[in-house]
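Next come the chains, spelled out residue by residue.
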Amino acid sequence: MPTIVLSNRVLTAAGVFAPAALVIEGGVITDILPQDVARSAWPQAPVDDLGDHWLTPAMVDGHTHVALHALRGVLSGDSTRGNVVEDLFYRFESGLDAAEVRAFARMGAWEALLHGTGCVFDHYFHAPAVAEALVEVGLTGVVAPTLQDLGGPFAHASDEGLADVERLDSPSWAERGIVAALGPHAMDTVSRELWRQIADVAQRRELPVHVHVAQSLEEVQRVSGRHGHSPVQELLATGVLDAAPRALLVHMIYADGADLAALRGGRALLGHCPHSAFVLGHPARVDRWRDLPWLVGSDCAASNDAMDVRGELRVVHGLAAWASAGSAAYTRFAGGDSLGGGEAWRERGRIRAAAPELLEPASLLGRVTTTPGTFHPRQLTGTLAPGALANLAVWDAEHPVFWPALDPLRAIVLGNASAALLHVMTRGEWRGERGRFAQSLRRSELYRAHREEASQRLHQRLQRLGLQLAPLGQG
Ligand SMILES: [Zn+2]
């Protein structure tokens, strides 16, 4: 017996809100029908009528490390001067055990859920522990064990990481909303031999690959020193883009026009994490990523500092303005050359004209719903369509953050929409309570137990490492 969810404002594939009924069974949307047709087809089925509230897919966070929630706030002041991933994260991560990863990952998962995220593409060590954490909190995920053998805190454990891929790629995990991906760490920390193994597993199991590419200058220099070409060229040389059904290349900050051209028409999906890039480097110019599919991710609270992937879209929307404000023309204007101001304005117009999709709410929402939602060949999400995971977000159409609600799509994409989340469903189950969604999760015994355990484990870890970070809150 299915459950039927009705709304008069369901976001359709065409990007408009219209009345519809979602038929949900086994955690999956099995059909979308006119409301009267659904009611008469299953007269005994429970009906959940959302009235005029807006129903969309829950968000998909296309790149994150939920366990790094434990390091939120660590990148203040001087700590962001060098390569923090290597200087600080590696030190913290060295020797992390599965129980710690699980405890920290739950906290990241809770925040993601609070913002209407239903699925995360996670990339981390002790990946089965991350998967357990996602299931406990109620998220679904594409979980990639981080694989490295030339550098990084788990360079000794790539065999275990590959074994974790095989463990996670199973029907029992799929039933719980978890599918596996391969997670080579970055282009400078994975040997050609490990790439060969990764390509082999990807091909044999038809699993996608999720990797950091061109994320730091150190990476570019190391790859260039070792192989004489760019990180993207090195990725192409590994053959993994032919072996895997899809490959997600995250950051791509230091990828040039030739790199982008080499990827067009292939199996690459690019990933952009705007707020994280502000902290760790500078944002990629995604207006140059035309004709390449790309998604948006949060990266993690350690570098973001939020887990609201929908909230990232405001930055993407503003690209033409901030890029032109950083142009040589604007710098000349600021230095006293008044002609520079006009040229900077024209530059803003050129970027907007070249990448109009950055201004369109439907296209922006697609970066955190439909585009990531088709990444994994065995898990459809981020869309309201038959066969997709029943991951839903219900928005309070009467909330002040939306008033006067003339353009619901734009209000959800660019407004402070998290405050207006009425309810979230993942895998066919409503999480928290409708109408007091955030409060009900925050007050739940499960959340409080998870927070208590994570705080204790973080405190113990920092003490063992002799790291002095911001004081931990109590209670
Ligand atoms: Zn990352």
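Residues numbered from 1 in each chain as written. Predicted model: local features only at pLDDT ≥ 70, side-chain atom pairs only at ≥ 80, totals over all residues. Heavy atoms only, no water.

Student: How do you make sense of the overall build of the protein when you look at a structure like this?
Tutor: A tally of helices and strands in the protein yields 21 helices and 17 strands. At 22 Å, the protein has a C-alpha radius of gyration in line with the 23 Å of a compact globule built from 475 residues. On the principal axes, the C-alpha backbone points of the protein span a range of 70 × 60 × 50 Å. Per-residue burial for the protein yields a buried fraction of 56% across its 475 residues. Residue pairs in contact within the protein that sit at least 24 positions apart in sequence constitute 70% of those at least 6 positions apart. Surface accessibility of the protein: about 18,800 Å² in total, with carbon and sulfur atoms responsible for 51%. Considering the protein, the positive charge centre built from 42 side chains and the negative charge centre built from 53 side chains are found 3 Å apart. (Helix = DSSP H or I, 4+ residues; strand = E, 2+ residues; numbered from the N terminus. Rg over C-alpha atoms; globule rule 2.2 N^0.38 Å. Buried < 20%, exposed > 50% of the residue type's maximum accessible area, 1.4 Å probe, protein only. Contact = heavy atoms within 4.5 Å. Areas by Shrake-Rupley, 256 points an atom, 1.4 Å probe, with all protein chains shown as cover. Lys, Arg positive; Asp, Glu negative; His and termini not counted. Charge placed at Lys NZ, Arg CZ, Asp CG, Glu CD.)

Student: Would you explain the pairing of strand β1 (residues 3-11) in this entry?
Tutor: Regular strands place side chains that alternate from one sheet face to the opposite one. Where β1 lies against strand β2 (residues 17-25), seven bridges are found, and the strand directions are antiparallel. Residue pairing for β2: Ser7 is matched across the bridge by Ala20. Taking the residues between adjacent antiparallel strands as the criterion, β1 and β2 are bridged by five residues, where Gly15 takes a positive phi near 85°. As paired strands, β1 and strand β4 (residues 47-49) are joined by three bridges and run parallel to one another. Counted as the bridge partner of Val5 is Asp48 from β4. One ladder, built from two bridges, connects β1 with strand β5 (residues 54-57); its direction is parallel. (Pairing = 2+ DSSP bridges.)

Student: For this particular structure, what's the right way to read the sheet that holds strand β14 (residues 294-296)?
Tutor: Sheet strands pair via backbone hydrogen bonds, and the direction of the pair is either parallel or antiparallel. In space, the four strands of this open sheet follow the order β11-β12-β13-β14, with parallel pairing throughout. Edge positions in the open sheet fall to β11 (209-213) and β14, since each of these has one partner strand only. For this sheet, the mean inter-axis angle between neighbouring strands, taken without regard to orientation, is 30°. (Axes fitted to C-alpha atoms, helices over the stretch in contact; angles between N-to-C directions.)

Student: Got a minute to help me understand the domain arrangement of the protein in this structure?
Tutor: Size of an interface, as often reported, equals the accessible area lost when the parts are brought together. Each assigned domain of the protein is listed with its residue range as follows: domain 1 (3-58 + 381-441) and domain 2 (59-309). Taking only C-alpha atoms into account, the centre of domain 1 sits 30 Å from that of domain 2. Counting residues at the interface gives 17 residues for domain 1, matched by 16 residues for domain 2. Across the domain 1/domain 2 interface, buried area totals approximately 1,200 Å², and carbon plus sulfur atoms make up 69% of it. Sorting the residues of domain 1 by area buried against domain 2 places Ala58, Arg427 and Leu441 first, and these three jointly supply 35% of that buried surface. At the junction of domain 1 with domain 2, the criterion picks out zero salt bridges. If you look at where domain 1 meets domain 2, you find five residue pairs in polar contact (both at pLDDT 80 or more). (Domains from an automatic or database assignment. Buried area = accessible area lost by both parts, 1.4 Å probe. Salt bridge = Lys/Arg side-chain N within 4 Å of Asp/Glu carboxyl O. Polar contact = N/O pair within 3.5 Å; in protein donor to acceptor, adjacent residues only side chain to side chain.)

Student: Please explain the coordination of the zinc ion as it appears in this structure.
Tutor: Geometry reference: four tetrahedral donors at a metal, ideal angle 109.5 degrees. Six octahedral donors, ideal angles 90 or 180 degrees. Here the zinc ion is held by the protein donor atoms His63 (NE2), His65 (NE2), His212 (NE2) and Asp299 (OD), which lie 2.1 to 2.4 Å from it. Each donor residue of the zinc ion lies on the same chain, and together they follow the pattern H-x1-H-x146-H-x86-D. With His63 in strand β6 (residues 59-64) and His212 in strand β11, the pair connects residues that are 149 residues apart, well separated along the chain. By relative accessible area, His212 is classed as buried at 4%. (Donors = N, O, S within 2.8 Å, 3.2 Å for Na, K, Ca; no water.)

Student: What am I meant to see in the environment of Asp52 here?
Tutor: Structurally, Asp52 can be placed in the loop between β4 and β5. Owing to a relative accessible area of 49%, Asp52 belongs among the partly exposed residues under this scheme. With 45 residues separating them along the chain, Asp52 and Ser7 place their C-alpha atoms 6.0 Å apart. Other than its neighbours up to four places away in sequence, Asp52 contacts Asn8, Arg9 and Ala397. Polar contacts involving the side chain of Asp52 include one to the side chain of Asn8, which spans 2.9 Å.

Student: Looking at this structure, how should I read the state of the cysteines?
Tutor: Covalent bonding between the sulfur atoms of two cysteines defines a disulfide. Under the definition given, this model contains zero disulfides. In this model Cys119 remains outside any disulfide bridge; the closest cysteine sulfur is found in Cys273, 15 Å from its own. Considering cysteine sulfurs only, Cys273 is the nearest to Cys300, which forms no disulfide, with 8.8 Å between them. (Disulfide = S-S within 2.5 Å.)

Student: Help me out: how do you make sense of the side chain of Arg367 in this one?
Tutor: Following the sequence through the fold, Arg367 ends up in the loop between α17 (361-366) and α18 (370-373). It turns out Arg367 is buried and unbridged, and the closest side chain with the opposite charge, Glu357, is 4.5 Å from it. Of note is the side chain of Arg367, whose polar atom sits 3.2 Å from the backbone oxygen of Trp294.

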